[in-house]
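Take a look at the letters that make up each chain.
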Amino acid sequence: MILAYVFPIWRISLKAPQYPEGLGMYIWVNNITGQKQHDLGKINNLNHYIGMKTIHPESIKELQVMPYIIATLIALGLLAAAAGKRWMLYTWTVLFILTALVGLIDFYLWEYDYGHNLDPRAAISIPGMSYQPPLIGSKKLLNFTAISMPSIGGWAVFASLFTGILVSIGEWRHARRTPQQ
């Protein structure tokens, strides 16, 4: 999971005929940047026309607490591994699953807010249209195709979670087959 501090956790890419090279943004553990130098500014400019709020990474509270959440999960995982106690492994795995679910729900709600709570005075206003990018996968938004996927740091977090789940299941099965002494 340490890779989440070095690589972006998530990426959202936008493809459209007027942007053949594409636009995109990376969501890091504590920041949001463009995939290329000016992409975030271009995305904010485009979002202005449809009434979306400007993305200001410093105003997103999740980016301020996420480094501590991941550090806590890393520390608790290392503590559980060092102690060798099954209950600590199970507790860590359940806590990790719950944290991941809360994180994905929070991200979905963030996307929902940005895509649905539009300025009614926007230059481009289509009744009933929302611009929420997908949580995972691709979605057509007017002439843009938005693609939202984990990035290297996110895949590392998911791999850590999957490994924790597999080890927990293996330990649980081993405990059931081993006679108590």
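For clarity, every value in this text was computed on a predicted model and none was experimentally measured.

Colleague: Please clarify how the pairing of strand E4 (residues 137-141) should be interpreted in this entry.
Modeller: A regular strand places its side chains on the two faces of the sheet in alternate fashion. Sheet topology note: the E4/strand E5 (residues 144-150) ladder contains five bridges and is antiparallel. Bridge pairing links Lys139 to Ala146 in E5. Joining the antiparallel neighbours E4 and E5 is a turn of two residues, in which Leu142 adopts a positive phi near 55 degrees.

Colleague: Which parts of the structure should I look at to understand the environment of Ala81?
Modeller: Considering the arrangement of structural elements, one finds Ala81 in helix H2 (residues 61-83). With relative accessibility at 60%, the residue Ala81 sits in the exposed group. C-alpha separation for the pair Ala81 and Gln37, spaced 44 residues apart in sequence, amounts to 41 Å.

Colleague: Got a minute to help me understand the packing of helix H3 (residues 86-116) against helix H4 (residues 152-177) in this structure?
Modeller: Two measures define how a pair of helices packs: the angle their axes make with one another and the distance between the axes. As a packed pair, H3 and H4 sit with axes 9 Å apart at the nearest point and diverge in direction by 145 degrees. Relative to H4, H3 is oriented so that their crossing is left-handed. Mapping the contact onto sequence places Arg86, Leu89, Tyr90, Trp92, Thr93, Phe96, Ile97 and Ala100 in H3 and Val157, Ser160, Leu161, Gly164, Ile165, Val167, Ser168, Glu171, Trp172, His174 and Ala175 in H4. The residue inventory of the contact of H3 with H4, partitioned by class, reads twelve nonpolar, five polar and two charged.

Colleague: Explain the side chain of Asn44 to me, please; I cannot follow it from the model alone.
Modeller: Following the sequence through the fold, Asn44 ends up in helix H1 (residues 39-50). If sequence neighbours within four positions are ignored, Asn44 has contacts with Lys53, Thr54 and Ile55.

Colleague: What's the story with the packing of H2 against H3 in this structure? I'm lost.
Modeller: Taken N-terminus to C-terminus, the directions of H2 and H3 make an angle of 165 degrees; their axes are 9 Å apart at the nearest point. With respect to H3, the axis of H2 lies roughly antiparallel. The handedness of the crossing between H2 and H3 comes out as left-handed. For the pair H2 and H3, the contacting residues are Glu62, Ile69, Leu73, Leu76, Gly77, Leu79, Ala80 and Ala83 in the first and Met88, Leu89, Trp92, Leu95, Phe96, Thr99 and Asp106 in the second. Among the residues making up the contact of H2 with H3, the classes are represented as eleven nonpolar, two polar and two charged.

Colleague: Is there a simple way to explain H3 in this structure?
Modeller: Two residues of an α-helix separated by three or four positions point the same way, owing to the 3.6 residues in each turn. Relative to the 45 Å expected for 31 residues at 1.5 Å per residue, H3 spans 44 Å between its end C-alpha atoms, a close match to the ideal helical length. Those residues of H3 lying buried are Met88, Leu89, Trp92, Thr93, Phe96, Phe107, Trp110, Glu111, Tyr114 and Gly115. Packed against the buried residues of H3 are strand E1 (10-16), strand E2 (19-27), strand E3 (32-34), H2, E5 and H4.

Conventions and cut-offs
Residues numbered from 1 in each chain as written. Predicted model: local features only at pLDDT ≥ 70, side-chain atom pairs only at ≥ 80, totals over all residues. Heavy atoms only, no water. Pairing = 2+ DSSP bridges. Helix = DSSP H or I, 4+ residues; strand = E, 2+ residues; numbered from the N terminus. Buried < 20%, exposed > 50% of the residue type's maximum accessible area, 1.4 Å probe, protein only. Axes fitted to C-alpha atoms, helices over the stretch in contact; angles between N-to-C directions. Left-handed = near helix turned anticlockwise from the far one by under 90°. Contact = heavy atoms within 4.5 Å. Nonpolar A, V, L, I, M, F, W, Y, C, P; charged D, E, K, R; others polar. Parallel < 35°, antiparallel > 145°, perpendicular 65-115°, else oblique. Expected span 1.5 Å × (residues − 1).

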